[in-house]
Amino acid sequence: MRRILIVGGGYAGFHAARKLEKKLRRGEAEVTLVDPRPYLTYQPFLPEVVAGSVEARHAAVSLRRHLRRTHVIAGKVTAIDHAHRVVTVQPADGDPRELGYDTIVVTAGAVTRTLPVPGIADQAIGLKHVEEAVAIRDRLLTAFDRAAALPAGPQRRRLLTVTFVGGGFSGVEGFGELLSLATALLKRYPELHRGELRFHLVEASGRILPEVTDRPGRWVVRELERRGARVHLNTLVTSAENGHVTLSTGEEFDAELIVWTAGNGANPVVGRHTDLPVDERGYLVVRPDLRVEGVTDAWAAGDDAAVPDLASPVPGARTVPNAQHAYRQGKLLARNIIATLRGRAPKPYVHHSLGAIATLGLGRGIFQYKQLVLKGLPAWLMHRGYHVLAVPTWERKVRVLAVWLTQALFGRDILSLASVQHPREAFVAAGRTVAGAAPRAEDQPAKGLASIEQVWPAAGKVPEIR
């Protein structure tokens, strides 16, 4: 039986595995998928997770639940040796092991591209995974709680300052949604006023949203600025040490939350740890039919593949790395593998763009298809409609729709669960207090979180509940 190995359970990998499950005949091939995370992240929903409009778990799709005939391995592929048809897998626990295959499908996806800016590695949060989106939301909600207890001044101003670095779709959507959440929160915090919110979007080029044309892009800038944001074009972040942001224009300010969305880079296993052919950027070189150039039994799709864009009038153009392409490439890749197994010729990938659409916050959006541009509520409704149809599995569609209906009736939930990132702090601190020992510094709760003895200062004397 032929062994098909899929490296990466992202959008392209998940849909390739799902299509293979449906189309392969019994005994024709076995499919194995390797990914360090046990779920697919539906990245277009991450900005709404940031704003609390989508539950975090609903933006993720369980691999084991929906890939029932695929052998799922929780681990990270660290090297691909296609000459010997073997990959090295590092599981979460234990030693690395080698895994053999006959056909390989590389859909490892891209990673967040960082630059050597002082302080960014220590202070910033990315926006590529569900955990990051949840952390951004909880960080903002906790900052509001802390700021409301402080008098007006530098410390409160820092808590209410947010900086996004990168003006692509991920950055602009996350920025717009978080700004929408922050503005809505002010109704619950009478101690704070709108003029204290400081939202900065920093973009190195002269425009944001490169997938839309200049005029809609300028409208998005004006819309964000009308809502109180600052958009810094042709500007770099030169330092972010200790949360003190310095821009190339000379402007400086302190920010409690820094989010880095300044582009994607090649996955390290593709860029540096494989004998498969890659281009100068570290992306796999593939043919129009998604076979890796120059080798046999190797396929690639999604963000780590340089797929020729046959629908583009520009010679040598590559498909844009987004969910729209990854979804279709993954399904075609599976059909092409099955075609080759059965002696038929694979088909080239051709997809004409359906347009560009972005959410800018609750009730606000932008959509462009060729010369057609929609703004505001109509574009936002199209965004929600398209993505609820595009998110994989009916189970997830129903869950997302249920949350949206609940929010339409009761509004967004504004509860912060930042303490779940340190679940043992209250337990450890309480135990040391009861034992009479002074808590160690490393056992102290994170800034902004209350321990038991902070709530009930009489050490260990918790009120009796009757």
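Calculation criteria
- Residues numbered from 1 in each chain as written.
- Predicted model: local features only at pLDDT ≥ 70, side-chain atom pairs only at ≥ 80, totals over all residues.
- Heavy atoms only, no water.
- Helix = DSSP H or I, 4+ residues; strand = E, 2+ residues; numbered from the N terminus.
- Rg over C-alpha atoms; globule rule 2.2 N^0.38 Å.
- Buried < 20%, exposed > 50% of the residue type's maximum accessible area, 1.4 Å probe, protein only.
- Contact = heavy atoms within 4.5 Å.
- Areas by Shrake-Rupley, 256 points an atom, 1.4 Å probe, with all protein chains shown as cover.
- Lys, Arg positive; Asp, Glu negative; His and termini not counted.
- Charge placed at Lys NZ, Arg CZ, Asp CG, Glu CD.
- UniProt positions renumbered as here; feature names shortened; annotations may be inferred.
- Expected span 1.5 Å × (residues − 1).
- Core = buried A, V, L, I, M, F, W, Y, C linked by side-chain atoms within 4.5 Å.
- Pairing = 2+ DSSP bridges.
- Axes fitted to C-alpha atoms, helices over the stretch in contact; angles between N-to-C directions.
- Phe/Tyr/Trp six-rings, centres within 6.5 Å; stacked < 30°, edge-to-face > 60°.
- Lys NZ or Arg CZ within 6 Å of the ring centre and 35° of its normal.

Novice: Is there a simple way to explain the overall build of the protein in this structure?
Specialist: When helices and strands are tallied, the protein shows 14 helices and 24 strands. Its C-alpha atoms give the protein a radius of gyration of 24 Å, near enough to 23 Å, the size a compact globule of 466 residues would have. Viewed in the frame of its principal axes, the protein has a C-alpha envelope of about 75 × 60 × 45 Å. For the protein, buried positions account for 50% of its 466 residues. Partitioning the intrachain contacts of the protein with sequence separation of at least 6 by distance along the chain shows that 66% fall at a separation of at least 24. Approximately 22600 Å² of the protein is accessible, and the part contributed by carbon and sulfur atoms is 54%. Side-chain charges of the protein comprise 61 positive and 46 negative groups, with the mean position of each set lying 7 Å from the other.

Novice: So what exactly am I meant to see when it comes to the UniProt feature "domain: FAD/NAD(P)-binding" (unreviewed entry) in the protein here?
Specialist: According to UniProt, the "domain: FAD/NAD(P)-binding" (unreviewed entry) feature falls on residues 3–330. In residues 3–330, helix accounts for 29% and strand for 26%; the two terminal C-alpha atoms are 18 Å from one another.

Novice: I tried to follow helix 12 (residues 394–410) on my own but got confused; where do I start?
Specialist: Residues spaced three or four apart along an α-helix face the same direction, because each turn holds 3.6 residues. If you check helix 12, its first and last C-alpha atoms are 24 Å apart, about what 17 residues at 1.5 Å a residue would give, namely 24 Å. All buried positions along helix 12 are accounted for by Glu395, Arg396, Lys397, Val400, Val403, Trp404 and Gln407. Those residues of helix 12 hidden inside the fold are in contact with helix 2 (46–50), strand 4 (60–62), helix 3 (63–66) and helix 11 (377–390). Note on helix 12: the residue one or two positions beyond its end, Gly411, has a positive phi of about 85 degrees.

Novice: How do you make sense of the nonpolar core when you look at a structure like this?
Specialist: If you look at soluble globular proteins, the nonpolar side chains tend to sit buried side by side. Grouped together as the largest cluster of nonpolar side chains are 110 residues, with contacts concentrated most on Phe144, Leu178 and Phe199. Of all hydrophobic cores here, the second largest spans 13 residues; its members include Val117, Leu247, Phe253 and Trp260.

Novice: Help me out: how do you make sense of the pairing of strand 23 (residues 364–369) in this one?
Specialist: One face of the sheet, then the other: side chains in a regular strand alternate in exactly this way. As paired elements, strand 22 (residues 356–361) and strand 23 share 5 bridges and run antiparallel to each other. By the bridge assignment, Gly361 is partnered in strand 23 with Arg364. Counting the residues between successive antiparallel strands, the hairpin from strand 22 to strand 23 contains 2 residues, one of them, Gly363, with a positive phi of roughly 80 degrees.

Novice: Even after reading the chapter, I still don't get the sheet that holds strand 16 (residues 252–254), so can you show me in this structure?
Specialist: Taken in spatial order, the 3 strands of this open sheet run 14-15-16, and their pairing is antiparallel. Each edge of the open sheet is held by one strand with a lone partner, namely strand 14 (237–239) and strand 16. Averaged over neighbouring strand pairs, the angle between their axes works out to 35 degrees when direction is ignored.

Novice: Please explain the environment of Gly228 as it appears in this structure.
Specialist: For Gly228, the location among the structural elements is in the loop between helix 8 (214–226) and strand 13 (230–232). By relative accessible area, Gly228 is classed as partly exposed at 47%. With 179 residues separating them along the chain, Gly228 and Val49 place their C-alpha atoms 22 Å apart.

Novice: What am I meant to see in the sheet that holds strand 11 (residues 161–165) here?
Specialist: Whenever strands of a sheet pair, they do so through backbone hydrogen bonds, lying parallel or antiparallel. The strand order 10-17-11-12-13 describes an open sheet built from 5 strands, whose pairing is parallel. Strand pairing shows two members of the sheet lacking a second neighbour, strand 10 (124–125) and strand 13, which therefore form its edges. Both strand 10 and strand 17 (residues 257–260) contribute to a ladder of 2 bridges, which runs parallel. In the strand pairing of strand 17, Ala124 is matched with Ile258.

Novice: Mind showing me how you'd approach the packing of aromatic side chains here?
Specialist: When we look at a pair of aromatic rings, we describe it by the centre distance and by the angle of the planes. This structure, assessed with the given rule, holds 7 aromatic pairs. Considering the side-chain rings of Tyr11 and Tyr42, the 5.5 Å spacing of their centres and the 55 degrees angle between planes classify their relative orientation as tilted. Taken as a pair, Tyr11 in helix 1 (residues 11–23) and Tyr42 in the loop between strand 3 (39–41) and helix 2 lie far apart in primary sequence, 31 residues in all. Taken as a pair, Tyr11 and Tyr42 share a single burial class, namely buried. With a centroid separation of 5.0 Å and an interplanar angle of 65 degrees, the aromatic rings of Tyr42 and Phe45 are classed as edge-to-face. By relative accessible area, Phe45 is classed as buried at 0%. For the cation-ring pair, Lys397 lies above Trp394, with the distance from its terminal atom to the ring centre recorded as 5.6 Å.

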